[in-house]
Amino acid sequence: MASSSNLINALFIFVLAGFIGFEVIRRVSPLLHTPLMSLTNALDAIAVVGAIVLVGEHKSSLSAALGFIAVIAATSNIVGGFMITDRMLKMFKSSRPAAKP
Amino acid sequence: MTAELAGNQVFIEILYLVASVLFILSLKWMSSPTTARHGIWAGEIGMLLAICGTLLHHGIIDYRLIAIGLVLGTIIGVPLGRVAMTAVPQRTALSHTFGALCVTLVGSAEFYLRSPDISPFMMAVLSIEVILGGLTVTGSLMAAGKLQEILPQRPLTYKGQNFVNFLLLAVAIGIAVFLVLHPGARNLFPFMILIALAFGVLLIIPIGGADMPTVISLLNSYAGLSAAAMGFVLNSKLLIIAGALDGSSGMVLSIIMSKAMNRSFTNVLFGAFGQVQASAAGAQEERPVRRATAEEAAAILSAANKVIVVPGYGMAVAQAQHKVRELYDSLTKRGVEVRFAIHPVAGRMPGHMNVLLAEADIPYDRLIEMDEINGDFPQTDVALVIGANDVTNPAARTDASSPIYGMPILDVDKAHTVMVIKRSMNPGFAGIENPLYYLDNTLMLFGDAKAFVGSIVRELGGAHG
């Protein structure tokens, strides 16, 4: 499965995605660095897909058990990460529309 | 090669591709507060597509256990999404722990499923995955403990600390190399993980509270890179992309944070900042300072045209941000231009101060970053420093012997009048004497930040009505 062409493909993807990451993140306003980190955290929890396959395929009880804990850990990051990012971003308001009386 | 993929498999890969694009858009939209919430939706939709796609995977036979895991994860995740804004740094550190835990567990499971039939390259990546993952699990847990103040914030150092750390890392890498050559050595694998876990603890022990913004960013990067390594192991392009995005995001933030503290990565990890300064703070002399009352402060503020507030973490500790908002409202109503100067390391993680002020309903276009506002201090009537210390220390510009010499600071001393709200003359978090307090244009307002700002607001209201 891990042929050398797969490896080269994977390296290409990794390096290119890293570049996109650097360029995109550099443009993020410093205002939003905290929500940025909680958002990337939630996105990173996409690792849950690997854990889901481990649990679902149930190839051994060890792999299913480790996968099960991994699913819980990653899911808590997805749910918590998106929730807190949303809460934070809702708080950012501009002074332009209406100044408080 | 692609011809071998079943139709179902092609569909799943396309869902993953769409998810990858949505993830990149999600980060792109974070560039401005006006589009940022689209970013969350893009991320959520991408995540949903990816998970649904994975559930279609033909090898999956047991859906019950997956469902239980998803539900339990949600039950843990919801309270973590509802913590107070002051607790966001430790929540973030904890979520790095969870992310890395997932990666480490999946890596371990893959090892035992495949061993001894693992190619050298695959074993090398798997080792990187579990070593980076393992040290992030315990390292982030330690960071969360320090931020939550369960663990002591000051750096714990001992002689030969760096040597011990390097030795541990070397042993872990040694085991990894052995496993690359002999992937059937199943008994050695747990030792590699145990050493990585121990290394994570020892790595964070010598790091002081003031360096937490850099450390959190660095651990964020490690969590991302370990996930990318997991993507190599599972041959999942989506995971490689998400991991690379997270890894580079953490790296960019670490670089910004280190620059803001004028430190190199190696210095943060191996320096134990607090130690150096304790000795530097030794030589102190009693010097006169000028004091002012809330009444005097209110009179000066109301006569000003331009005011810049410099908030520090001390303001958040005193829970003064809502009183500061009242002050902002009151002065703005009188036609005073009030802005907030945000140092990159104000607060306990990158951008933390902005969130704390936004929570208090201060509009985000009033929050100005350091490089943008520093040129305006000479034309500013009053700089009001609340709970900030080292980031206003002019010694960073002038005194080559100061431990913070070279660190970029907010040039508050150039304002016509500087007012500093402070409990006492004790040196701050890092223990460095601040010459700002003895300048002729500086007025010291001694007291609790919340109470003092509250009485200024009352004085302003009284003078008005």
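Bear in mind the structure is a predicted one, so any value in this text is a computation, not a measurement.

Conventions adopted
Residues numbered from 1 in each chain as written. Chains lettered and ligands numbered in written order. Predicted model: local features only at pLDDT ≥ 70, side-chain atom pairs only at ≥ 80, totals over all residues. Helix = DSSP H or I, 4+ residues; strand = E, 2+ residues; numbered from the N terminus. Buried ≥ 20, exposed ≤ 12 C-beta atoms within 10 Å, placed from the backbone. Contact = placed C-beta atoms within 7 Å. Axes fitted to C-alpha atoms, helices over the stretch in contact; angles between N-to-C directions. Left-handed = near helix turned anticlockwise from the far one by under 90°. Nonpolar A, V, L, I, M, F, W, Y, C, P; charged D, E, K, R; others polar. Core = buried A, V, L, I, M, F, W, Y, C linked by C-beta atoms within 7 Å. Parallel < 35°, antiparallel > 145°, perpendicular 65-115°, else oblique. pLDDT = per-residue confidence, 0-100. Pairing = 2+ DSSP bridges. Expected span 1.5 Å × (residues − 1). Arc of directions from axis to C-beta.

### Focus on the overall build of chain A
Of the regular secondary structure elements, chain A holds four helices and zero strands. Ordered by position in the sequence, the α and β elements of chain A form the string α-α-α-α. Across its three principal directions, the C-alpha atoms of chain A cover 65 × 30 × 15 Å. Looking at chain A as a whole, 57% of its 101 residues are labelled buried. For chain A, long-range pairs separated by at least 24 residues make up 60% of all intrachain contacts whose partners lie at least 6 apart in sequence.

### Quick notes on the overall build of chain B
Scanning chain B for helices and strands turns up 18 helices and six strands. For chain B, the spread of C-alpha atoms along the three principal axes comes to 80 × 50 × 35 Å. Looking at chain B residue by residue over its 465 residues, the buried ones come to 54%.

### Observations regarding the packing of helix H3 (residues 48–57) of chain A against helix H4 (residues 61–91) of chain A
Two packed helices can be described by the angle between their axes and the distance between those axes. Residue and element names in this part refer to chain A. Running from amino to carboxyl end, H3 crosses H4 at an angle of 150°, the nearest separation of the two axes being 8 Å. Between H3 and H4 lies a crossing whose hand is left-handed. Packed against H3, whose contacting residues are Val48, Ala51, Ile52, Leu54 and Val55, the element H4 presents Ser63, Ala64, Leu66, Gly67, Phe68, Ala70, Val71, Ala74, Thr75 and Ile78 at the interface. Taken together, the residues of the contact of H3 with H4 sort by class into 12 nonpolar, three polar and no charged.

### Examining the nonpolar core
Membership of the largest hydrophobic core comes to 194 residues, with the highest contact counts inside it found for Ala47(A), Cys102(B) and Ile386(B). Those residues in contact with Ile386(B) that lie beyond four places of it in its chain are Val309(B), Val310(B), Pro311(B), Gly312(B), Met315(B), Ala320(B), Val324(B), Ile421(B), Ala449(B) and Val453(B).

### A short note on the packing of H4(A) against helix H2 (residues 36–55) of chain B
In contact at an axis separation of 9 Å, H4(A) and H2(B) are set at 165° when each is read in the N-to-C sense. Between H4(A) and H2(B), the interaxial angle falls into the category roughly antiparallel. In terms of crossing hand, the pair formed by H4(A) and H2(B) is left-handed. The segment H4(A) lies against H2(B), with Ile78(A), Phe82(A), Thr85(A), Asp86(A) and Leu89(A) engaging Ala36(B), Arg37(B), Ile40(B), Gly43(B), Glu44(B) and Met47(B). When grouped by side-chain class, the residues that make up the contact of H4(A) with H2(B) number six nonpolar, two polar and three charged.

### Structural notes on the confidence of the model for chain B
In regions of low pLDDT, the predicted coordinates are not meant to be interpreted in detail. Residues and elements named next belong to chain B. Looking at chain B as a whole, its pLDDT mean stands at 89, while 93% of the residues score no less than 70. Contacts for the low-pLDDT stretch residues 272–283, under 50 throughout, to residues beyond four places or in other chains number 27 contacts. Both confidence scores are given for the complex: pTM 0.90, ipTM 0.93.

### Quick word on the pairing of strand E4 (residues 382–386) of chain B
Where a strand is regular, its side chains alternate between the two sheet faces. Residues and elements named next belong to chain B. Burial runs high along E4: five of the five residues are buried. Because side chains alternate across E4, one face comprises the buried residues Val382, Leu384 and Ile386, and the other comprises Ala383 and Val385, equally buried. Strand direction decides the pairing type here: strand E1 (residues 306–311) and E4, joined by five bridges, are parallel. Opposite valine 310, over in E4, you have valine 385 as the bridge partner. Bridge count between E4 and strand E5 (residues 417–422): five bridges; the pairing is parallel.

### Quick word on the interface of chain B and chain A
The interface is formed by 99 residues belonging to chain B together with 81 residues belonging to chain A. Grouping the amino acids of the side of chain B that touches chain A by side-chain chemistry returns 56 nonpolar, 29 polar and 14 charged.

### A look at H2(B)
In this model H2(B) runs 29 Å from its N-terminal to its C-terminal C-alpha over 20 residues, within 8% of the 28 Å that 1.5 Å per residue would give. Within the span of H2(B), buried status applies to Ala36(B), Gly39(B), Ile40(B), Ala42(B), Gly43(B), Gly46(B), Met47(B), Ala50(B), Gly53(B) and Thr54(B). All buried residues of H2(B) fall inside an arc of 165° around its axis, so they share one side. Looking at the buried residues of H2(B), the elements they touch are helix H2 (33–44), H3 and H4 of chain A together with helix H1 (7–28) and helix H9 (237–260) of chain B.

### Considering the sheet that holds E5(B)
Residues and elements named next belong to chain B. Judged by pairing direction, the sheet is parallel, and its six strands sit side by side in the order E3-E2-E1-E4-E5-E6 without closing on themselves. Looking at the sheet topology across the chains shown, the edges are occupied by strand E3 (367–369) and strand E6 (442–446). On average, adjacent strands in this sheet sit at an angle of 25° to one another, irrespective of strand direction. Pairing of E1 with strand E2 (residues 337–342), which is carried by four bridges, proceeds in the parallel orientation. Bridge pairing in E2 places valine 309 opposite phenylalanine 340.

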